Amino acid sequence: MSAHASAAPLTAAFTEAYRRAPEGVWHAPGRINVIGEHTDYNGGFVLPFALPLGVSVAAARRDDAVLEVRSLQAADAAVTVPLDGTGPDEVGRWDARERWAAYPFGVASLLRGRGAGGASLLIDSDLPQGAGLSSSAALECATALALCDLYGLDALAADRPELARLAQRAENDYAGMPCGIMDQSAALLCTAGHALMLDCRSGLSGQVPLDLPGKGLALLVVNTRARHELTGGEYAARRADCERAAALLGVEALRDVKDLGAALARLDDPVLRRRTQHVVTENHRVEAAAGLLRAGAEAELGGMLTASHLSLRDLYEVSWPEADLAVETALKAGARGGRMIGGGFGGSVIVLTAADRAARVRDAITTAYRDRGLPGPEFLDAVPSDGARRLL
(Lines give C-alpha, C1' and ligand atoms only; values in the text may rest on other atoms or scores of the structure.)
Protein backbone atom coordinates (compact mmCIF):
# COMPACT_ATOMS: atom_id res chain seq x y z
CA MET A 1 0.00 0.00 0.00
CA SER A 2 1.33 3.46 -0.85
CA ALA A 3 1.87 6.06 1.86
CA HIS A 4 -0.87 8.16 0.30
CA ALA A 5 -3.33 5.27 0.42
CA SER A 6 -2.47 4.42 4.03
CA ALA A 7 -3.07 8.05 5.04
CA ALA A 8 -6.42 8.31 3.25
CA PRO A 9 -8.69 7.02 6.07
CA LEU A 10 -7.15 9.38 8.61
CA THR A 11 -7.43 12.26 6.15
CA ALA A 12 -11.13 11.54 5.70
CA ALA A 13 -11.66 11.27 9.46
CA PHE A 14 -9.87 14.58 10.03
CA THR A 15 -12.06 16.30 7.43
CA GLU A 16 -15.18 14.97 9.11
CA ALA A 17 -14.01 15.97 12.60
CA TYR A 18 -12.74 19.47 11.78
CA ARG A 19 -14.79 20.37 8.68
CA ARG A 20 -11.65 21.03 6.67
CA ALA A 21 -8.88 18.95 5.13
CA PRO A 22 -5.60 18.37 6.96
CA GLU A 23 -2.42 19.90 5.61
CA GLY A 24 -0.60 16.59 5.94
CA VAL A 25 -0.30 13.25 7.70
CA TRP A 26 2.80 12.12 9.61
CA HIS A 27 3.73 8.74 11.07
CA ALA A 28 6.16 7.58 13.77
CA PRO A 29 6.73 3.92 14.67
CA GLY A 30 6.71 1.96 17.86
CA ARG A 31 9.89 0.12 18.72
CA ILE A 32 11.39 -3.15 19.87
CA ASN A 33 14.60 -3.05 21.87
CA VAL A 34 16.73 -6.05 21.00
CA ILE A 35 18.75 -5.56 24.17
CA GLY A 36 19.76 -2.77 26.54
CA GLU A 37 17.02 -2.21 29.12
CA HIS A 38 17.21 0.58 31.72
CA THR A 39 20.60 1.55 30.33
CA ASP A 40 19.47 4.68 28.48
CA TYR A 41 18.98 6.92 31.52
CA ASN A 42 22.27 5.57 32.88
CA GLY A 43 24.13 7.06 29.93
CA GLY A 44 24.61 3.64 28.35
CA PHE A 45 23.93 1.71 25.17
CA VAL A 46 20.74 0.40 23.56
CA LEU A 47 19.93 -1.57 20.39
CA PRO A 48 16.34 -0.89 19.26
CA PHE A 49 14.60 -1.13 15.91
CA ALA A 50 11.41 0.45 14.59
CA LEU A 51 8.23 -1.53 14.05
CA PRO A 52 5.87 -1.26 11.06
CA LEU A 53 3.15 -0.34 13.58
CA GLY A 54 2.95 3.13 15.06
CA VAL A 55 1.08 6.40 15.49
CA SER A 56 -0.16 8.64 12.68
CA VAL A 57 -1.12 12.30 13.07
CA ALA A 58 -3.18 14.35 10.63
CA ALA A 59 -2.71 18.05 11.28
CA ALA A 60 -3.54 21.56 10.16
CA ARG A 61 -2.48 24.97 11.45
CA ARG A 62 -4.64 27.27 13.56
CA ASP A 63 -4.21 31.02 13.94
CA ASP A 64 -5.16 31.25 17.62
CA ALA A 65 -2.16 29.61 19.41
CA VAL A 66 -4.43 26.79 20.58
CA LEU A 67 -3.78 23.07 20.33
CA GLU A 68 -6.82 20.88 19.75
CA VAL A 69 -6.17 17.15 19.92
CA ARG A 70 -8.55 14.33 19.08
CA SER A 71 -7.96 10.59 18.79
CA LEU A 72 -9.73 7.86 16.88
CA GLN A 73 -9.01 5.63 19.89
CA ALA A 74 -10.72 8.03 22.32
CA ALA A 75 -13.44 9.77 20.36
CA ASP A 76 -15.02 11.30 23.48
CA ALA A 77 -11.79 12.71 24.92
CA ALA A 78 -10.97 15.75 22.76
CA VAL A 79 -8.65 18.25 24.45
CA THR A 80 -8.42 21.94 23.55
CA VAL A 81 -5.85 24.03 25.39
CA PRO A 82 -3.99 27.33 24.80
CA LEU A 83 -0.28 26.95 24.17
CA ASP A 84 0.56 30.23 25.88
CA GLY A 85 0.32 30.25 29.66
CA THR A 86 -0.18 26.49 30.10
CA GLY A 87 2.85 25.01 31.82
CA PRO A 88 3.80 21.55 33.08
CA ASP A 89 2.26 22.17 36.52
CA GLU A 90 -1.14 22.90 35.03
CA VAL A 91 -0.91 19.89 32.72
CA GLY A 92 -0.11 17.77 35.76
CA ARG A 93 -3.51 18.71 37.19
CA TRP A 94 -5.47 17.54 34.15
CA ASP A 95 -7.96 14.80 34.88
CA ALA A 96 -7.50 11.22 33.72
CA ARG A 97 -9.50 11.71 30.52
CA GLU A 98 -7.14 14.50 29.42
CA ARG A 99 -3.80 13.11 30.53
CA TRP A 100 -3.15 11.27 27.26
CA ALA A 101 -2.94 14.65 25.54
CA ALA A 102 0.04 15.68 27.71
CA TYR A 103 2.36 13.97 25.23
CA PRO A 104 1.46 15.97 22.09
CA PHE A 105 0.81 19.11 24.13
CA GLY A 106 4.27 18.95 25.70
CA VAL A 107 5.82 18.78 22.24
CA ALA A 108 3.67 21.64 20.95
CA SER A 109 4.47 23.77 23.99
CA LEU A 110 8.22 23.32 23.56
CA LEU A 111 7.99 23.98 19.82
CA ARG A 112 6.04 27.15 20.56
CA GLY A 113 9.35 28.58 21.75
CA ARG A 114 10.92 27.59 18.42
CA GLY A 115 8.33 29.40 16.32
CA ALA A 116 5.47 26.92 15.99
CA GLY A 117 1.87 27.92 16.62
CA GLY A 118 -1.51 26.33 17.17
CA ALA A 119 -2.76 23.25 15.40
CA SER A 120 -5.62 20.82 15.12
CA LEU A 121 -4.52 17.19 15.39
CA LEU A 122 -6.27 13.89 14.82
CA ILE A 123 -4.38 10.84 16.05
CA ASP A 124 -4.63 7.20 15.04
CA SER A 125 -2.60 4.25 16.30
CA ASP A 126 -2.32 0.58 15.46
CA LEU A 127 0.02 -0.14 18.38
CA PRO A 128 -1.64 -2.21 21.09
CA GLN A 129 -2.11 -0.02 24.16
CA GLY A 130 -0.15 -0.99 27.23
CA ALA A 131 2.09 -3.43 25.33
CA GLY A 132 5.30 -1.56 26.10
CA LEU A 133 6.04 -0.78 22.45
CA SER A 134 6.49 2.95 23.04
CA SER A 135 3.29 4.44 21.71
CA SER A 136 3.96 7.59 23.76
CA ALA A 137 7.26 8.33 22.01
CA ALA A 138 5.66 7.58 18.64
CA LEU A 139 2.94 10.11 19.41
CA GLU A 140 5.47 12.72 20.47
CA CYS A 141 7.66 12.24 17.41
CA ALA A 142 4.81 12.23 14.89
CA THR A 143 3.50 15.43 16.48
CA ALA A 144 6.95 17.01 16.43
CA LEU A 145 7.45 16.29 12.72
CA ALA A 146 3.98 17.56 11.90
CA LEU A 147 4.45 20.88 13.69
CA CYS A 148 7.94 21.35 12.26
CA ASP A 149 6.62 20.86 8.74
CA LEU A 150 3.54 23.02 9.27
CA TYR A 151 5.57 25.93 10.61
CA GLY A 152 8.65 25.67 8.42
CA LEU A 153 11.06 24.54 11.14
CA ASP A 154 13.11 22.69 8.54
CA ALA A 155 16.45 22.84 10.35
CA LEU A 156 14.99 21.29 13.48
CA ALA A 157 13.11 18.64 11.51
CA ALA A 158 16.37 17.67 9.81
CA ASP A 159 18.23 17.44 13.13
CA ARG A 160 16.67 14.18 14.26
CA PRO A 161 18.83 13.76 17.42
CA GLU A 162 17.83 17.25 18.61
CA LEU A 163 14.18 16.54 17.83
CA ALA A 164 14.45 13.33 19.87
CA ARG A 165 15.79 15.32 22.81
CA LEU A 166 12.90 17.76 22.55
CA ALA A 167 10.37 14.91 22.50
CA GLN A 168 12.07 13.30 25.50
CA ARG A 169 11.88 16.60 27.40
CA ALA A 170 8.18 16.83 26.60
CA GLU A 171 7.61 13.40 28.14
CA ASN A 172 9.79 14.18 31.16
CA ASP A 173 8.32 17.60 31.93
CA TYR A 174 4.71 17.42 30.75
CA ALA A 175 3.78 13.74 31.07
CA GLY A 176 5.79 13.27 34.25
CA MET A 177 7.68 10.25 32.95
CA PRO A 178 11.46 10.34 33.67
CA CYS A 179 12.35 8.30 30.58
CA GLY A 180 15.68 8.20 28.80
CA ILE A 181 16.29 9.03 25.17
CA MET A 182 15.97 5.56 23.60
CA ASP A 183 12.33 5.50 22.52
CA GLN A 184 12.33 8.90 20.86
CA SER A 185 15.64 8.16 19.12
CA ALA A 186 14.32 4.85 17.82
CA ALA A 187 11.19 6.51 16.47
CA LEU A 188 13.18 9.14 14.59
CA LEU A 189 16.49 7.48 13.63
CA CYS A 190 15.79 3.84 12.76
CA THR A 191 15.95 2.53 9.21
CA ALA A 192 14.41 -0.54 7.60
CA GLY A 193 16.41 -3.76 7.90
CA HIS A 194 18.57 -2.43 10.73
CA ALA A 195 18.81 -2.04 14.47
CA LEU A 196 20.08 1.24 15.90
CA MET A 197 23.21 1.06 18.06
CA LEU A 198 22.84 4.19 20.19
CA ASP A 199 25.14 5.70 22.77
CA CYS A 200 22.61 7.47 24.97
CA ARG A 201 25.18 9.83 26.46
CA SER A 202 26.90 11.13 23.35
CA GLY A 203 23.94 10.66 21.02
CA LEU A 204 26.20 8.92 18.51
CA SER A 205 24.48 6.12 16.66
CA GLY A 206 25.01 3.64 13.87
CA GLN A 207 22.85 1.33 11.80
CA VAL A 208 23.49 -2.38 12.41
CA PRO A 209 22.14 -4.86 9.81
CA LEU A 210 19.40 -7.10 11.20
CA ASP A 211 18.22 -9.77 8.77
CA LEU A 212 16.74 -12.57 10.83
CA PRO A 213 14.69 -14.21 8.04
CA GLY A 214 17.84 -14.42 5.94
CA LYS A 215 19.38 -16.56 8.70
CA GLY A 216 16.31 -18.75 9.11
CA LEU A 217 15.29 -17.00 12.33
CA ALA A 218 12.22 -15.24 13.63
CA LEU A 219 11.79 -12.72 16.43
CA LEU A 220 8.35 -13.06 18.01
CA VAL A 221 6.82 -10.20 19.94
CA VAL A 222 4.52 -11.53 22.64
CA ASN A 223 2.09 -8.98 24.07
CA THR A 224 1.47 -10.56 27.47
CA ARG A 225 -1.67 -8.41 27.92
CA ALA A 226 -0.48 -7.39 31.36
CA ARG A 227 -0.93 -3.67 30.85
CA HIS A 228 2.25 -1.62 30.96
CA GLU A 229 2.10 1.64 32.93
CA LEU A 230 5.26 3.57 33.77
CA THR A 231 4.04 6.88 35.14
CA GLY A 232 3.72 5.29 38.58
CA GLY A 233 6.51 5.22 41.14
CA GLU A 234 8.41 2.00 40.35
CA TYR A 235 10.17 3.23 37.22
CA ALA A 236 11.19 6.48 38.92
CA ALA A 237 12.37 4.47 41.92
CA ARG A 238 14.69 2.39 39.73
CA ARG A 239 16.16 5.52 38.22
CA ALA A 240 16.64 7.02 41.69
CA ASP A 241 18.41 3.82 42.80
CA CYS A 242 20.86 4.16 39.92
CA GLU A 243 21.50 7.82 40.65
CA ARG A 244 22.19 7.02 44.32
CA ALA A 245 24.57 4.23 43.38
CA ALA A 246 26.42 6.45 40.90
CA ALA A 247 26.78 9.20 43.51
CA LEU A 248 28.16 6.75 46.07
CA LEU A 249 30.63 5.42 43.51
CA GLY A 250 31.70 8.92 42.46
CA VAL A 251 30.77 8.52 38.80
CA GLU A 252 28.47 10.55 36.58
CA ALA A 253 26.35 7.52 35.73
CA LEU A 254 26.55 3.76 36.13
CA ARG A 255 27.73 3.54 32.54
CA ASP A 256 31.09 4.82 33.87
CA VAL A 257 31.71 1.85 36.19
CA LYS A 258 34.77 0.06 34.84
CA ASP A 259 35.54 -2.45 37.61
CA LEU A 260 32.24 -4.08 38.56
CA GLY A 261 33.66 -6.18 41.36
CA ALA A 262 35.27 -3.18 43.05
CA ALA A 263 32.11 -1.13 42.62
CA LEU A 264 29.91 -3.80 44.20
CA ALA A 265 32.32 -4.10 47.13
CA ARG A 266 31.91 -0.38 47.82
CA LEU A 267 28.11 -0.49 47.96
CA ASP A 268 26.61 -1.59 51.28
CA ASP A 269 22.99 -1.52 50.13
CA PRO A 270 22.12 -4.87 48.47
CA VAL A 271 19.45 -3.16 46.36
CA LEU A 272 21.98 -0.73 44.91
CA ARG A 273 24.40 -3.59 44.27
CA ARG A 274 21.73 -5.42 42.27
CA ARG A 275 20.83 -2.33 40.24
CA THR A 276 24.47 -1.60 39.49
CA GLN A 277 25.24 -5.16 38.45
CA HIS A 278 22.33 -5.17 36.00
CA VAL A 279 23.23 -1.87 34.34
CA VAL A 280 26.92 -2.65 33.95
CA THR A 281 26.41 -6.18 32.59
CA GLU A 282 23.53 -5.06 30.36
CA ASN A 283 25.75 -2.47 28.71
CA HIS A 284 28.29 -5.21 27.99
CA ARG A 285 25.52 -7.35 26.49
CA VAL A 286 24.48 -4.53 24.14
CA GLU A 287 28.00 -4.08 22.81
CA ALA A 288 28.42 -7.83 22.39
CA ALA A 289 25.04 -8.17 20.65
CA ALA A 290 25.88 -5.41 18.19
CA GLY A 291 29.13 -7.21 17.44
CA LEU A 292 27.27 -10.45 16.74
CA LEU A 293 24.91 -8.69 14.34
CA ARG A 294 27.77 -7.04 12.49
CA ALA A 295 29.42 -10.46 12.18
CA GLY A 296 26.24 -12.05 10.83
CA ALA A 297 25.93 -14.27 13.90
CA GLU A 298 22.31 -13.46 14.75
CA ALA A 299 21.65 -17.02 15.93
CA GLU A 300 24.00 -16.45 18.87
CA LEU A 301 21.85 -13.66 20.29
CA GLY A 302 19.55 -16.06 22.12
CA GLY A 303 21.73 -16.60 25.16
CA MET A 304 22.20 -12.87 25.63
CA LEU A 305 18.46 -12.25 25.48
CA THR A 306 17.85 -14.83 28.19
CA ALA A 307 20.68 -13.48 30.34
CA SER A 308 19.16 -10.02 30.01
CA HIS A 309 15.77 -11.33 31.11
CA LEU A 310 17.20 -13.06 34.18
CA SER A 311 19.05 -9.88 35.11
CA LEU A 312 15.93 -7.76 34.72
CA ARG A 313 13.95 -10.28 36.76
CA ASP A 314 16.41 -10.92 39.59
CA LEU A 315 18.67 -7.86 39.77
CA TYR A 316 16.50 -5.00 38.50
CA GLU A 317 13.25 -6.59 39.67
CA VAL A 318 11.01 -5.23 36.92
CA SER A 319 9.70 -8.41 35.32
CA TRP A 320 6.19 -9.75 35.86
CA PRO A 321 4.67 -13.26 36.03
CA GLU A 322 3.26 -13.36 32.50
CA ALA A 323 6.65 -12.35 31.06
CA ASP A 324 8.49 -14.99 33.07
CA LEU A 325 5.99 -17.62 31.94
CA ALA A 326 6.37 -16.65 28.27
CA VAL A 327 10.17 -16.80 28.38
CA GLU A 328 10.31 -20.06 30.33
CA THR A 329 7.76 -21.71 28.05
CA ALA A 330 9.48 -20.52 24.88
CA LEU A 331 12.81 -21.95 26.00
CA LYS A 332 11.22 -25.30 26.83
CA ALA A 333 9.63 -25.30 23.35
CA GLY A 334 13.05 -24.92 21.73
CA ALA A 335 13.44 -21.15 21.30
CA ARG A 336 16.99 -19.81 21.30
CA GLY A 337 16.28 -17.13 23.87
CA GLY A 338 13.88 -14.48 25.05
CA ARG A 339 13.39 -11.58 27.40
CA MET A 340 10.99 -8.95 28.62
CA ILE A 341 11.28 -5.60 26.87
CA GLY A 342 10.44 -2.07 27.92
CA GLY A 343 10.44 -0.56 31.36
CA GLY A 344 8.79 -3.57 32.98
CA PHE A 345 5.77 -4.24 35.19
CA GLY A 346 3.75 -5.32 32.16
CA GLY A 347 3.96 -5.18 28.40
CA SER A 348 5.73 -7.48 25.96
CA VAL A 349 8.37 -10.17 25.56
CA ILE A 350 10.58 -10.96 22.57
CA VAL A 351 11.53 -14.52 21.67
CA LEU A 352 14.26 -15.51 19.20
CA THR A 353 13.59 -18.83 17.52
CA ALA A 354 14.33 -20.77 14.38
CA ALA A 355 11.67 -19.76 11.85
CA ASP A 356 10.53 -23.35 11.38
CA ARG A 357 9.95 -23.64 15.14
CA ALA A 358 8.04 -20.37 15.55
CA ALA A 359 4.56 -21.92 15.30
CA ARG A 360 5.47 -24.50 17.96
CA VAL A 361 6.75 -21.77 20.29
CA ARG A 362 3.61 -19.66 19.79
CA ASP A 363 1.37 -22.64 20.47
CA ALA A 364 3.30 -23.56 23.61
CA ILE A 365 3.02 -20.05 25.04
CA THR A 366 -0.69 -19.86 24.22
CA THR A 367 -1.29 -23.20 25.91
CA ALA A 368 0.70 -22.21 28.99
CA TYR A 369 -1.35 -19.04 29.37
CA ARG A 370 -4.60 -20.95 28.97
CA ASP A 371 -3.52 -23.54 31.54
CA ARG A 372 -2.84 -20.71 34.03
CA GLY A 373 -6.21 -19.10 33.34
CA LEU A 374 -4.58 -16.05 31.76
CA PRO A 375 -5.92 -14.08 28.78
CA GLY A 376 -4.42 -15.34 25.54
CA PRO A 377 -1.25 -13.52 24.45
CA GLU A 378 -1.06 -11.54 21.22
CA PHE A 379 1.76 -12.20 18.75
CA LEU A 380 3.06 -9.38 16.56
CA ASP A 381 5.44 -9.24 13.62
CA ALA A 382 8.84 -7.80 14.47
CA VAL A 383 10.10 -6.41 11.16
CA PRO A 384 12.82 -3.72 11.35
CA SER A 385 11.19 -0.72 9.66
CA ASP A 386 11.78 2.94 8.87
CA GLY A 387 11.54 5.72 11.40
CA ALA A 388 9.20 8.70 11.49
CA ARG A 389 8.21 10.27 8.18
CA ARG A 390 5.58 12.28 6.36
CA LEU A 391 2.95 10.15 4.66
CA LEU A 392 0.96 12.86 2.88
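Residues numbered from 1 in each chain as written. Predicted model: local features only at pLDDT ≥ 70, side-chain atom pairs only at ≥ 80, totals over all residues. Heavy atoms only, no water.

## Some words on the pattern of salt bridges
Definition in use: One speaks of a salt bridge when a side-chain nitrogen belonging to Lys or Arg is within 4 Å of a carboxyl oxygen belonging to Asp or Glu. The numbering of helices and of strands both runs from the N terminus, where a helix is a DSSP run of H or I of at least 4 residues and a strand a run of E of at least 2. Per-residue accessibility, obtained with a 1.4 Å probe over protein chains only, is compared with the maximum for each type, and a residue is labelled buried under 20%, exposed over 50%, and partly exposed between these values.
Inspection of every chain in the model, using the stated rule, returns 24 salt bridges. Residue Arg239 pairs with Glu243 through a salt bridge whose shortest N-O separation is 3.5 Å. Remark: Glu243 and Arg239 occur in helix α8 (residues 233-249); sequence separation between them is 4 residues, near one turn of the helix. With relative accessibility at 49%, the residue Glu243 sits in the partly exposed group. Sharing partners across several salt bridges, the network here consists of Asp241, Arg244, Asp269, Arg274, Arg275 and Glu317.

## Focus: the sheet that holds strand β2 (residues 45-46)
In plain terms, the rule: Two strands pair if DSSP finds at least two bridges between them. We call two residues contacting when some pair of their heavy atoms lies within 4.5 Å. Interaxial angle, 0 to 180 degrees, is taken between N-to-C directions of lines fitted to C-alpha atoms, where a helix line uses only the stretch in contact.
Read across the open sheet, the 3 strands follow the order β2-β7-β8; overall the sheet is antiparallel. The open sheet has two edge strands, β2 and β8 (205-209), and neither has a second partner. In this structure, β2 lies alongside strand β7 (residues 194-199), joined through 2 bridges in antiparallel fashion. Each residue of the ladder has a partner; that of Val46, found in β7, is Leu198. Packed on one face of the sheet, helix α7 (residues 182-189) meets β2, β7 and β8 and runs near 135° to β7.

## Focus: the environment of Gly373
By secondary structure assignment, the location of Gly373 is in the loop between α13 (358-371) and β12 (378-381). With a relative accessible area of 64%, Gly373 lands in the exposed category. Counting along the chain gives 180 residues from Gly373 to Gly193, while the straight-line C-alpha distance between them is 37 Å.

## Comments concerning unusual backbone geometry
Backbone geometry at Arg19 places phi at a positive 60°, although glycine is not the residue there. You can see Arg19 is positioned in the loop between α1 (3-18) and β1 (24-33). One non-glycine residue with positive phi stands out, namely Ser134, at about 70°. The residue Ser134 is located in the loop between β6 (119-125) and α4 (135-150) in this model.

## A word on the sheet that holds β6
Here 6 strands make up an open sheet; going across it, the order is β5-β4-β6-β3-β1-β13 and the pairing mixed. What marks the edges here is a single partner per strand, and that holds for β5 (74-82) and β13 (389-390). Bridge analysis of strand β3 (residues 48-61) against β6 gives 7 bridges, and the strand direction is antiparallel. Bridging across to β6, Ala58 finds its partner in Leu122. Those strands touched by helix α3 (residues 102-112) are β4 (66-71), β5 and β6, and its axis lies near 155° from that of β4.

## As for the nonpolar core
For the record, the criterion: Only buried residues count toward a nonpolar core. Its members are Ala, Val, Leu, Ile, Met, Phe, Trp, Tyr and Cys residues joined through side-chain atoms within 4.5 Å.
The biggest cluster of nonpolar side chains holds 88 residues, and the ones touching the most others in it are Ile32, Leu47, Phe49, Leu111 and Leu133. Those residues in contact with Phe49 that lie beyond four places of it in its chain are Gly30, Arg31, Ile32, Val34, Cys190, His194, Ala195, Leu210, Leu219, Ala382, Val383 and Pro384. Within the second largest apolar cluster, 38 residues are counted, among which are Met177, Val280, Val327 and Tyr369.

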